[in-house]
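# Tertiary structure, described
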2 protein chains.
Amino acid sequence: MAQRIQGVLSPVVTPFKRDLSPDPERYVRHCKWLLDHGCAGLAVFGTNSEANSLSVDERMLLLEALVQAGVPAAKLMPGTGMCALTDSVRLTAHAVTLGCAGVLMLPPFYYKGVSEAGLYRSFSELIERVGDARLQLYLYHIPPVSQVPITPALIERLLKAYPESVAGLKDSSGDWNNTKAVLDGFASSGFDVFAGSEVFLLANLRGGGKGCITATGNVNPEAIDRVYQNWRAPEADALQAGISATRDLLQNYPMIPALKAMIAHWGGDPDWATMRPPLVELTAERQRSLLAELDSAGFDMPGLAAR
Amino acid sequence: MAQRIQGVLSPVVTPFKRDLSPDPERYVRHCKWLLDHGCAGLAVFGTNSEANSLSVDERMLLLEALVQAGVPAAKLMPGTGMCALTDSVRLTAHAVTLGCAGVLMLPPFYYKGVSEAGLYRSFSELIERVGDARLQLYLYHIPPVSQVPITPALIERLLKAYPESVAGLKDSSGDWNNTKAVLDGFASSGFDVFAGSEVFLLANLRGGGKGCITATGNVNPEAIDRVYQNWRAPEADALQAGISATRDLLQNYPMIPALKAMIAHWGGDPDWATMRPPLVELTAERQRSLLAELDSAGFDMPGLAAR
């Protein structure tokens, strides 16, 4: 088996044309910029990608566009967890066939309060139906949004049944105690834990984790990667403080439209700010305020406009 | 415009074969039984239908199977609200083209805390894209599951912009005060309110509502319809008490597997109990207990086994 992906991954924001259809051209350009600026991989079709506002076919077309444009599939970890088992199987099989490094799987998230047995059966049916030894499955724990958690008991059961396929977890709970519990319970058995925010990157690496998959990876990948590259160095804590400060600034804005507004601004490409409903663009006032704050902080996205 | 649908609607449970694929044959049979036993309409692909565990294509095939088997499209109100606008448009246009009485639309439910403007834009884009005067859109308010509410302010805005298309609402909040507020605010302007449980059927009719769309409509449609047919009669309260008692009994069990276990039992067809993950069947013990309670209460599903 190939070396598993590690480091900083970006849940790539998805550009839309004015008619709200996905824009493969802008998408490929942004993905290449990210890989050139510190991202070890791309967790395309995450929460920050508005992926849950895309149909299965729209995701498949975008993924194929990336691979055809020369983005290495070995750097891709698409989100493939849908409400319907049949959709998850279709997307996952497609990603595996394209040679993706792994898939990041939400649990089925419509029904709430579902049993551990039911969630186990969802993932187990998926793995059996995809039926491909290349599958590397990363569980996606994001209870503030999905409302359906991935518990340590579920991880244990899945790891025991499918040790070759169940590769790790992204923890977007925002709760370091949970990340710590998962690291302590499973990291030593080769289960790769990614923090869901760069705020926890250094702590996660020190605890045996493998990196982070973070919204702000879309706009600040070099600085975040610097923490990853230097996490054993004396300056690690100072570097971490720098990226945490940028994150703190962004936390005052709705994250996804803020990221898009930043790419629109530094890329000199206003249409990038377009959101698909139910999410909406920043108001002009909030956008001005965000950019002013970032300017004051000396923030930049080098090389974005040149493309 | 044709008379709008009124009375008791069942969010039809979806039968699966042993391989977990939807079973059109059992589905058609159950739909016809429901229409022969008190249902004025069928809200296929609701929460109780495990519809959110079905792909778009699976829903379309089942809907076509019903119409081809002679179930009148004028009695169908399929659920067509998905996370992705493009999926909602595809399902809704399909339903309208088949001649369905209406569609019951969940808001996009992955992203939480979305703005009223974003939800308005979702529904408005949908209506514009479907672009068909036959569309009768029923909003689906079920915050305990979707976590994304349909507020009175949103209803008002949609009704003002699309008075011909926005036909009503199913209130599954479980909160009578909310149903009352929607009735008081909009029923007199021709907005058809359906209670999400028969527990509120009589109160809803007295408040100007048009019926109910209720899980237990799958198993107890005749008795519920008797309340609808006799709501102005002296015995209305006694009839309401009877159906509320049956509902109370069922509330002690996970609703969807309980409904399927009942159809399996009274239909003499054990495979009907099959659930698609993430939901699971009742344990054998809970199933025995449910059926024993129902037997003691004198419950029956007449004519189910004969089919």
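Scroll up for the structure.
Nothing here was measured: the structure is a model prediction, and the numbers come from that model.

### Points about the overall build of chain A
Looking only at helices and strands, one finds 12 helices and 7 strands in chain A. Taking 19 Å as the expected radius of gyration for a compact globule of 307 residues, we find that chain A reaches 18 Å, a close match to that expectation. Seen through its C-alpha atoms, chain A measures out along the principal axes to roughly 50 × 50 × 35 Å. In chain A, which comprises 307 residues, the proportion classed as buried is 61%. Total accessible area computed for chain A in this model is approximately 11100 Å², and 51% of it derives from carbon and sulfur atoms. Across chain A, the centroid of the 27 positively charged side chains sits 3 Å from that of the 32 negatively charged ones.

### Focus: the interface of chain A and chain B
Every contact between the two is made by 45 residues of chain A and, on the other side, 45 residues of chain B. Carbon and sulfur atoms supply 60% of the area that chain A and chain B bury against each other, a total of about 3300 Å² over both sides. Considering only the surface of chain A that becomes buried against chain B, Tyr110(A), Tyr111(A) and Pro278(A) emerge as the three largest contributors, covering 23% of it. Where chain A packs against chain B, one counts 2 salt bridges. The partner of Glu281(A) in a salt bridge is Arg121(B), and the shortest N-O contact between them spans 3.4 Å. Across the chain A-chain B interface, the total number found is 19 residue pairs in polar contact (both at pLDDT 80 or more). Residue assignment for the side of chain A that touches chain B shows that the elements contributing at least two residues are α3 (85-98), α4 (116-130) and α5 (143-146) of chain A.

### Here we look at α4(A)
Spanning 15 residues, α4(A) covers 21 Å between terminal C-alpha atoms, matching the ideal 21 Å at 1.5 Å per step. Taken from the residues just after α4(A), Gly131(A) is the one with a positive phi, measuring 55°.

### Some thoughts on the sheet that holds strand β7 (residues 211-213) of chain B
Residue and element names in this part refer to chain B. Pairing within the open sheet is parallel, and its 7 strands lie in the order β2-β1-β7-β6-β5-β4-β3. Edge positions in the sheet fall to β2 (41-42) and β3 (103-105), since each has one partner strand and no second. Where strand β1 (residues 7-10) lies against β2, 2 bridges are found, and the strand directions are parallel. Following the sheet pairing, Leu9 is matched in β2 by Gly41.

### Quick look at the environment of Arg134(A)
All names here are of chain A. Positionally, Arg134 belongs in the loop between α4 and β4 (137-141). The sequence separation of Arg134 and Gly102 amounts to 32 residues, and the corresponding C-alpha distance is 8.4 Å. Aside from chain neighbours lying at most four places away, what touches Arg134 is Val96 and Thr97. Within the local environment of Arg134, its side chain forms a polar contact with the side chain of Asp132, the two groups lying 2.7 Å apart.

### Quick notes on empty space enclosed by the protein
This model, assessed by the stated rule, comprises 8 cavities of 30 Å³ or more. Roughly 200 Å³ of internal volume is contained in the largest cavity. Sorting the residues of the lining of the largest cavity by element identifies α2 (56-68) of chain A together with α2 (56-68) of chain B as the ones contributing at least two each. Looking at the lining of the largest cavity residue by residue, the classes come out as 13 nonpolar, 2 polar and 4 charged.

### Looking at the sheet that holds strand β3 (residues 103-105) of chain A
Either a parallel or an antiparallel arrangement is found when strands of a sheet pair, and the pairing is made through backbone hydrogen bonds. Residue and element names in this part refer to chain A. With respect to topology, 7 strands assemble into an open sheet ordered β2-β1-β7-β6-β5-β4-β3, the strand pairing being parallel. Edge positions in the sheet fall to β2 (41-42) and β3, since each has one partner strand and no second. Here 5 bridges tie β4 to strand β5 (residues 166-171), and the two strands are oriented parallel to one another. Residue pairing in the sheet places Leu137 in a bridge with Val166 of β5. Those strands touched by α4 are β3, β4 and β5, and its axis lies near 155° from that of β4.

### Description of the packing of aromatic side chains
Enumeration over the complete set of coordinates arrives at 15 aromatic pairs over all chains. Ring centres of Phe109(A) and Tyr110(B) lie 4.8 Å apart, and the angle between their planes is 65°; this geometry places the pair in the edge-to-face category. Highlighted residues: Phe109(A) in the loop between β3 and α4 and Tyr110(B) in the loop between β3 and α4 (116-130), drawn from two different chains. Owing to a relative accessible area of 2%, Phe109(A) belongs among the buried residues under this scheme. Classification of Tyr110(B) by relative accessible area gives buried; the value is 1%. Arranged with centres 6.0 Å apart and planes meeting at 70°, the rings of Tyr138(B) and Phe194(B) form a pair that is edge-to-face. Residue Tyr138(B) is located in strand β4 (residues 137-141), and its partner Phe194(B) is located in strand β6 (residues 192-195); the two are separated by 56 residues in the primary sequence. A relative accessible area of 1% places Tyr138(B) in the buried class. One aromatic cluster is present, built from ring pairs that chain together Phe109(A), Tyr110(A), Tyr111(A), Phe109(B), Tyr110(B) and Tyr111(B). A cation over an aromatic ring shows up here: Lys112(A) above the ring of Tyr110(A), its NZ or CZ 5.5 Å from the ring centre.

### Quick word on the relation of the copies chain A and chain B
Mapping chain A onto chain B calls for a screw motion: a turn of 180° about the axis and a shift of 0.0 Å along it, with 0.0 Å RMSD after fitting. Here the symmetry operator amounts to a two-fold rotation axis. No C-alpha of chain A lies nearer the rotation axis than that of Tyr110(A), which sits 4.0 Å from it. Looking at the interface residues of chain A, 100% of them are also at the interface in chain B, so both copies use one shared face.

### Some remarks on the nonpolar core
Nonpolar side chains in soluble globular proteins generally cluster together in the buried interior. If you look at the biggest cluster of nonpolar residues, it comprises 188 residues, and the most contacted ones within it are Leu137(A), Leu139(A), Phe191(A), Leu137(B), Leu139(B) and Phe191(B). Excluding residues within four positions of it along the chain, Phe191(B) makes contact with Leu139(B), Ile155(B), Leu159(B), Val166(B), Ala167(B), Gly168(B), Leu169(B), Val182(B) and Phe186(B).

### Observations concerning the pairing of β1(B)
All names here are of chain B. Here β1 pairs with β7 via 3 bridges, running parallel. By the bridge assignment, Leu9 is partnered in β7 with Ile213. Between β1 and its parallel partner β2, the chain crosses via helix α1 (residues 24-36), and the hand of that crossover is right-handed.

Scoring rules and cut-offs
Residues numbered from 1 in each chain as written. Chains lettered and ligands numbered in written order. Predicted model: local features only at pLDDT ≥ 70, side-chain atom pairs only at ≥ 80, totals over all residues. Heavy atoms only, no water. Helix = DSSP H or I, 4+ residues; strand = E, 2+ residues; numbered from the N terminus. Rg over C-alpha atoms; globule rule 2.2 N^0.38 Å. Buried < 20%, exposed > 50% of the residue type's maximum accessible area, 1.4 Å probe, protein only. Areas by Shrake-Rupley, 256 points an atom, 1.4 Å probe, with all protein chains shown as cover. Lys, Arg positive; Asp, Glu negative; His and termini not counted. Charge placed at Lys NZ, Arg CZ, Asp CG, Glu CD. Contact = heavy atoms within 4.5 Å. Buried area = accessible area lost by both parts, 1.4 Å probe. Salt bridge = Lys/Arg side-chain N within 4 Å of Asp/Glu carboxyl O. Polar contact = N/O pair within 3.5 Å; in protein donor to acceptor, adjacent residues only side chain to side chain. Expected span 1.5 Å × (residues − 1). Pairing = 2+ DSSP bridges. 1 Å grid on protein atoms, 1.4 Å probe; cavity = no way out; pocket = protein on both sides within 12 Å on 5 of 7 lines; lining within 4 Å. Points joined across faces, edges and corners; volume = space filled by probe spheres on them. Nonpolar A, V, L, I, M, F, W, Y, C, P; charged D, E, K, R; others polar. Axes fitted to C-alpha atoms, helices over the stretch in contact; angles between N-to-C directions. Phe/Tyr/Trp six-rings, centres within 6.5 Å; stacked < 30°, edge-to-face > 60°. Lys NZ or Arg CZ within 6 Å of the ring centre and 35° of its normal. Least-squares fit on C-alpha atoms with pLDDT ≥ 70 in both. Core = buried A, V, L, I, M, F, W, Y, C linked by side-chain atoms within 4.5 Å. Right-handed = clockwise from strand over helix to strand, strands pointing away.

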